[in-house]
Amino acid sequence: MDELVDERIVPGTSLRVTAVSVGASLLGNPPRPDGTPAETAEALARAMFASPLAMIDTSNNYTQGRSETVLGSAVRRDGLPAGKAIVTKVDADPETGALDRDRVWRSFEESIARLGLERLPLLHLHDPYTIEFEEAFAPGGAIQGLMELRDQGLAGALGIAAGPVSLMRRYAESGAFDVLLTHNRYTLVDRRGEELIDLAAERDMGVFNAAPFGGGLLAGRSETYAYTQAGPELLAWVARARELCERWGIPLHAAALRFSLRHPGIASTIVGVGRPERLAQLEELQATTIPDEFWPALAALGTPPSTLED
Ligand SMILES: NC(=O)c1ccc[n+]([C@@H]2O[C@H](COP(=O)([O-])OP(=O)(O)OC[C@H]3O[C@@H](n4cnc5c(N)ncnc54)[C@H](OP(=O)(O)O)[C@@H]3O)[C@@H](O)[C@H]2O)c1
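Residues numbered from 1 in each chain as written. Predicted model: local features only at pLDDT ≥ 70, side-chain atom pairs only at ≥ 80, totals over all residues. Heavy atoms only, no water.

Caption draft 1: Representation of the overall build of the protein within the structure. Helix and strand content of the protein: 11 helices and 12 strands. Against the compact-globule benchmark of 19 Å for 310 residues, the protein has a radius of gyration of 19 Å, which places it among compact chains. With respect to the principal axes defined by its C-alpha atoms, the protein has extents near 55 × 40 × 35 Å. Put simply, the protein has 310 residues, and 54% of those count as buried. Expressed as a percentage of contacts within the protein between residues at least 6 apart in sequence, the contacts between residues at least 24 apart total 75%. Of the roughly 13,200 Å² of accessible surface on the protein, 51% is carried by carbon and sulfur atoms. Considering the protein, the positive charge centre built from 29 side chains and the negative charge centre built from 43 side chains are found 3 Å apart. (Helix = DSSP H or I, 4+ residues; strand = E, 2+ residues; numbered from the N terminus. Rg over C-alpha atoms; globule rule 2.2 N^0.38 Å. Buried < 20%, exposed > 50% of the residue type's maximum accessible area, 1.4 Å probe, protein only. Contact = heavy atoms within 4.5 Å. Areas by Shrake-Rupley, 256 points an atom, 1.4 Å probe, with all protein chains shown as cover. Lys, Arg positive; Asp, Glu negative; His and termini not counted. Charge placed at Lys NZ, Arg CZ, Asp CG, Glu CD.)

Caption draft 2: A look at the site of the ligand. Around the ligand, the structure places 34 residues, and the nearest of them are Ser25, Asp57, Phe213, Tyr227 and Gly272. Backbone polar atom of Gly274 to an oxygen atom of the ligand: 2.8 Å apart, as the coordinates give it. Surface burial for the ligand is 95%, taken as the share of its 910 Å² of free accessible area covered by protein chains. Looking at the shell around the ligand, the elements with two or more residues in it are strand S8 (179-183), strand S12 (268-272) and helix H10 (277-287). Class assignment of the residues belonging to the shell around the ligand gives a composition of 16 nonpolar, 11 polar and seven charged. (Near = heavy atom within 4 Å. Polar contact = N/O pair within 3.5 Å; in protein donor to acceptor, adjacent residues only side chain to side chain. Nonpolar A, V, L, I, M, F, W, Y, C, P; charged D, E, K, R; others polar.)

Caption draft 3: Main features of the packing of helix H9 (residues 252-261) against H10. For the pair H9 and H10, interaxial distance at closest approach is 9 Å and the crossing angle is 75°. It follows that H9 is roughly perpendicular to H10 by the angle criterion. Contacts between H9 and H10 pair His253, Ala254, Leu257, Arg258 and Leu261 from the former with Leu282, Leu285, Gln286 and Ala287 from the latter. The residue makeup of the contact of H9 with H10, split by class, is six nonpolar, two polar and one charged. (Axes fitted to C-alpha atoms, helices over the stretch in contact; angles between N-to-C directions. Parallel < 35°, antiparallel > 145°, perpendicular 65-115°, else oblique.)

Spelled out as C-alpha cells, the structure:
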C-alpha cells in the first residue's frame, strides 16, 4: 500500500487528508541559524503545494503570521491545488493574551485575509494557555466565537490543538470540538497521548498526531524534545534506539514516523517541513520496510524516560 497517498476522511469532518500532513510552523522563518535566506519560503510553499500530501497545517501565530502570508501568496499566485487543504488555528492576541469571542473572530479574519481564502475546512483553537477553561466556555468566550464561525459555514469543523494531556482531555470531553490535535505525546519516546486517541475514538472525533520526531530529536536534527533540551536519560534511550535501528537497517526517523502511522486511531500525522527536499525524503521514509518483529525488539529497550509532565 502506498501510505503516502493513503487518503481518508477525518472523523467528525468532511476533510480529506493523507496519512501524513505537512506542518508549516517553520515556513516563513527569517534567516535561520544556517543562513537560509527568507526567499526560500516561497520555494518551500510551492513544494508543499506540489506534494501529494493533502493537508498543510499552519496557525495564526506561526512565524509571526508569515507562515500564513507565504501560503497566501502561493494561493494567490497558483490557486489552491485540487485536493489540497490549508488548516489554521486561532491564537490569543499576541500583545494582550486575550482569547475571547471577539479575538477568535479577529484571528480568523486575519488568517483568511493572509491566506486569500474565504472559509476553512477546519479551524483549531490553538494553545489556549492565557485563559481558564471556564472562561473559554463562558458567554462571550472563545468557544462562542468558534461556534459562530462553524454555524455560519466559515469553518467546516472545529478542533482543539494543544499540549498538556489533562487540558486536552477537558476540551475534548466538552463536546464542542470535532477533532483534536495532540503533539509530542504519541511518539517513540512518549505515549501519554494514547488516552486522547482512545477518547477521540469513543467520541468519533478525528485525531491529528503532530511532531512525530519530537520537533527534531528523533530526526537527528537536535537534542531537544518537545522544544526543550532533552535530559541525559532520554538522550541515552534514543542512542540505544538508534543503535537498534542501525542493526535492523532502519533509519530512526523512519521508525518514528511509522510508529505514528501504524496507530489506527490517528487520522493524519503532521510532520514539520522546513525545506523543500523534506517532502521527497518523507516519501522515502514512508516506503521504508519495517518488519513486524522490529516493534517487540524496540519494546525490549524498556519504557523511554518521560520528559513531559502533563
Ligand atoms: N499546538 C499545536 O497545534 C502544535 C504543536 C506542535 C506542532 N504542531 C504542528 O505539527 C507540525 C510538526 O511539529 P514539529 O515541526 O514541531 O515537529 P516534528 O514534525 O517532530 O519535527 C520537525 C523536524 O523534523 C525535521 N524533519 C522533517 N522531515 C524530515 C526528514 N524527512 N528527514 C530529516 N528530518 C526531517 C525537520 O527538519 P527541517 O527543519 O530541516 O526541515 C524539523 O526540524 C508543526 O509544524 C505544526 O504544524 C502543532
